[in-house]
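Structure at a glance
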Amino acid sequence: MAPRDSGPSGCSLLLSAPLAWLVVVYLGALAAIFLTAFWTTDVFTGEVVRQFTLANFQTLVDEPVYRTVALRSLGVAAAVTLIDTAIGFPMALYMAKVARPRHRPYLVIAILAPLWAAYLVKAYAWRVMLSQGGLVDQVLGPFGLSSPGYGLTATVLVLAYLWLPYMILPVYAGLERLPDSLLDASGDLGAHPLRTLRSVVLPLVFPSLVAGSIFTFSLSLGDYITVKIVGGRSQLLGNVVYDNIGAANNLPFAAAVATIPVVVMLGYLAAARRTGALREL
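All of the points below concern the structure found in this document. Numbering of residues begins from 1 in every chain and follows the order in which that chain's sequence is written. Local features in this predicted model are restricted to residues of pLDDT 70 or higher, and side-chain atom pairs are both shown and tallied only at a pLDDT of 80 or more, whereas totals for entire chains, interfaces and linings draw on every residue. To obtain the side-chain values, all non-hydrogen atoms of the structure were included, while hydrogens and water were left out.

1. Describing the overall build of the protein chain
Secondary structure assignment for the protein chain yields 12 helices and two strands. Here a strand is any run of E in DSSP of at least two residues, a helix any run of H or I of at least four, and the numbering for each starts at the N terminus. Secondary structure of the protein chain in N-to-C order comes out as α-β-β-α-α-α-α-α-α-α-α-α-α-α. Projected onto the principal axes, the alpha-carbon positions of the protein chain cover approximately 75 × 75 × 35 Å. Throughout this description, buried means an accessible area under 20% of the type-specific maximum (1.4 Å probe, protein chains only), exposed means over 50%, and partly exposed covers the range between. Taking all 281 residues of the protein chain together, 35% fall into the buried category. Values of accessible area rely on a 1.4 Å probe in the Shrake-Rupley scheme; residue burial ignores everything except the protein chains shown. When the accessible surface of the protein chain is split by element, carbon and sulfur atoms take 67% of a total near 16,800 Å². Once the 18 positive and 14 negative side-chain charges of the protein chain are each reduced to a mean point, those two points are 6 Å apart. Residues counted as positive are Lys and Arg, residues counted as negative are Asp and Glu, and His and the chain ends are not counted. We put the charge of a Lys on NZ, of an Arg on CZ, of an Asp on CG and of a Glu on CD.

Structure follows, in structure tokens:
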């Protein structure tokens, strides 16, 4: 006797546990952060005062240093995304449309290989390479150049390296779904390869590029470890949150700062949804 199809109800039951976990744990944590942002900390006892106030958000608006940190964080995230797009798209295009089919799995493995190494190992390896007399200095020395040292440039460089695979893989998947017949038809109609790239490939792969940018932008916006390792004296939003949780022991203000990247990413996701990028994730 053939097994009965469970239908939509069976799928709903199967997904109920992970959906419940998402709602309770993830969304619940975000709600707790948002609620805590409206509390304050007693300056004498260090205890959290659970009374509604907008003081933390007022401080964020009034103090120029926090506006500067927020804009700097957005700039770093945007720079990392642009660099990864400029590097990742040609790599994904070569993997999906130029390389021989039997070589493509090995290229995907090569892209995934850096993800197998620990985050801290890669970050500290870059710290060694960017140090005075390090590998970057040795490579750039013959050209009269030197390592950028530690600072925002180093932070952008390291973050771009760390999150590059998250840009390449969605774009590669989008390009693989792109029928070769479209490219052949464009060539048969007399289009130059650059015209084909601009008029055929980019419009169809744009949602995949936006999908990759969601990863690179959000991961860079909330990162605080890399800037601690190679950022020198630079401060990003993640560092402000970390310092207020640890040294300053001001959890409500840290929660208020943490709402900035959350709100930014909600707006980013809303805009990305209009491009169809969320279906590419």
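2. Focus: the packing of helix α3 (residues 64–98) against helix α4 (residues 104–112)
Relative orientation of the contacting elements α3 and α4 amounts to 155°, with a least axis distance of 9 Å. It follows that α3 is roughly antiparallel to α4 by the angle criterion. Every pair of crossing elements has a handedness; the one defined by α3 and α4 is left-handed. Along its contact with α3, which presents Met91, Tyr94, Met95, Ala96 and Lys97, the element α4 presents Arg104, Leu107, Val108 and Ile111. All axes here are fitted lines through C-alpha atoms, helices being fitted over the stretch that makes contact, and every angle between N-to-C directions spans 0 to 180 degrees. An angle counts as roughly parallel when it lies under 35 degrees, as roughly antiparallel when it exceeds 145, as roughly perpendicular when it falls between 65 and 115, and as oblique in every other case. Here a crossing is taken to be left-handed if its near helix is turned anticlockwise relative to the far helix by less than a right angle, and right-handed if that turn runs clockwise. Contacts between residues were defined by any pair of non-hydrogen atoms, one from each residue, lying within 4.5 Å.

3. Topic: the packing of helix α7 (residues 152–176) against helix α9 (residues 193–221)
Helix-helix packing is described using two parameters, namely the angle between the two axes and the distance between the axes. α9 packs onto α7 with a crossing angle of 150° between their chain directions and a minimal axis gap of 8 Å. In this view, α7 runs roughly antiparallel relative to α9, as classed from their interaxial angle. The interaxial crossing formed by α7 with α9 has right-handed handedness. The segment α7 lies against α9, with Leu159, Trp163, Tyr166, Met167, Pro170, Val171, Gly174 and Leu175 engaging Val201, Val205, Ser208, Leu209, Ala211, Gly212, Ser213, Phe215, Thr216, Leu219 and Ser220. In terms of residue class, the contact of α7 with α9 is made up of 13 nonpolar, six polar and no charged. Residue polarity is assigned by list, with Asp, Glu, Lys and Arg as charged and Ala, Val, Leu, Ile, Met, Phe, Trp, Tyr, Cys and Pro as nonpolar; anything else, Gly included, falls into the polar class.

4. Comments concerning the pattern of salt bridges
Salt bridge criterion: a side-chain nitrogen from Lys or Arg within 4 Å of a carboxyl oxygen from Asp or Glu. Scanning all chains against the criterion turns up two salt bridges. Lys97 is paired through a salt bridge with Asp180; the nearest N and O atoms lie 2.8 Å apart. Of this pair, Lys97 sits in helix α3 while Asp180 is found in helix α8 (residues 180–188), placing the two residues 83 residues apart along the sequence. Looking at Asp180, the relative accessible area reads 45%, which means it is partly exposed.

5. Comments concerning the side chain of Asp223
For Asp223, the position within the fold is in the loop between α9 and α10 (225–230). It is Lys122 that comes nearest to the buried, bridge-free Asp223 among opposite-charge side chains, at 10 Å. Residues in contact with Asp223, not counting those within four places in the same chain, are Tyr119, Leu159, Trp163, Leu236 and Gly238.

6. Some thoughts on the packing of aromatic side chains
When two rings of Phe, Tyr or Trp (its six-membered ring) have centres within 6.5 Å they constitute a pair, described as stacked for plane angles under 30 degrees, edge-to-face for angles over 60, and tilted for the intermediate range. Taken as a whole, this structure holds 10 aromatic pairs when the rule is applied. Aromatic side chains Phe217 and Tyr268 sit 4.8 Å apart centroid to centroid with 10° between the ring planes, which places their arrangement in the stacked category. Here the residue Phe217 occupies a position in helix α9, and Tyr268 occupies one in helix α12 (residues 251–273), the gap between them amounting to 51 residues. The class for Tyr268 is partly exposed, based on a relative accessible area of 25%. Taken together, a centroid distance of 5.1 Å and an interplanar angle of 20° make the contact between Tyr224 and Tyr242 stacked. Here Tyr224, found in the loop between α9 and α10, pairs with Tyr242, found in helix α11 (residues 237–245); they are 18 residues apart in sequence, far enough to count as distant. On the accessibility criterion, Tyr224 (32% relative accessible area) is partly exposed. With relative accessibility at 44%, the residue Tyr242 sits in the partly exposed group. Grouped by ring-pair contacts, the aromatic residues Phe34, Phe38, Phe52 and Phe57 constitute a single cluster.

7. Considering the nonpolar core
Nonpolar side chains in soluble globular proteins tend to end up buried together. Formed by 22 residues in total, the largest nonpolar core has its most connected members in Leu221, Leu237 and Val257. Those elements giving two or more residues to this core turn out to be α3, α9, α11 and α12. When residues in this core are grouped by element, the largest group, eight residues, is from α12. Not counting residues up to four positions away in its chain, the partners in contact with Leu237 are Val69, Ala70, Ser73, Leu221, Val257, Ile260 and Pro261. For our purposes a nonpolar core is just a set of buried Ala, Val, Leu, Ile, Met, Phe, Trp, Tyr and Cys residues, chained together by side-chain atoms within 4.5 Å.

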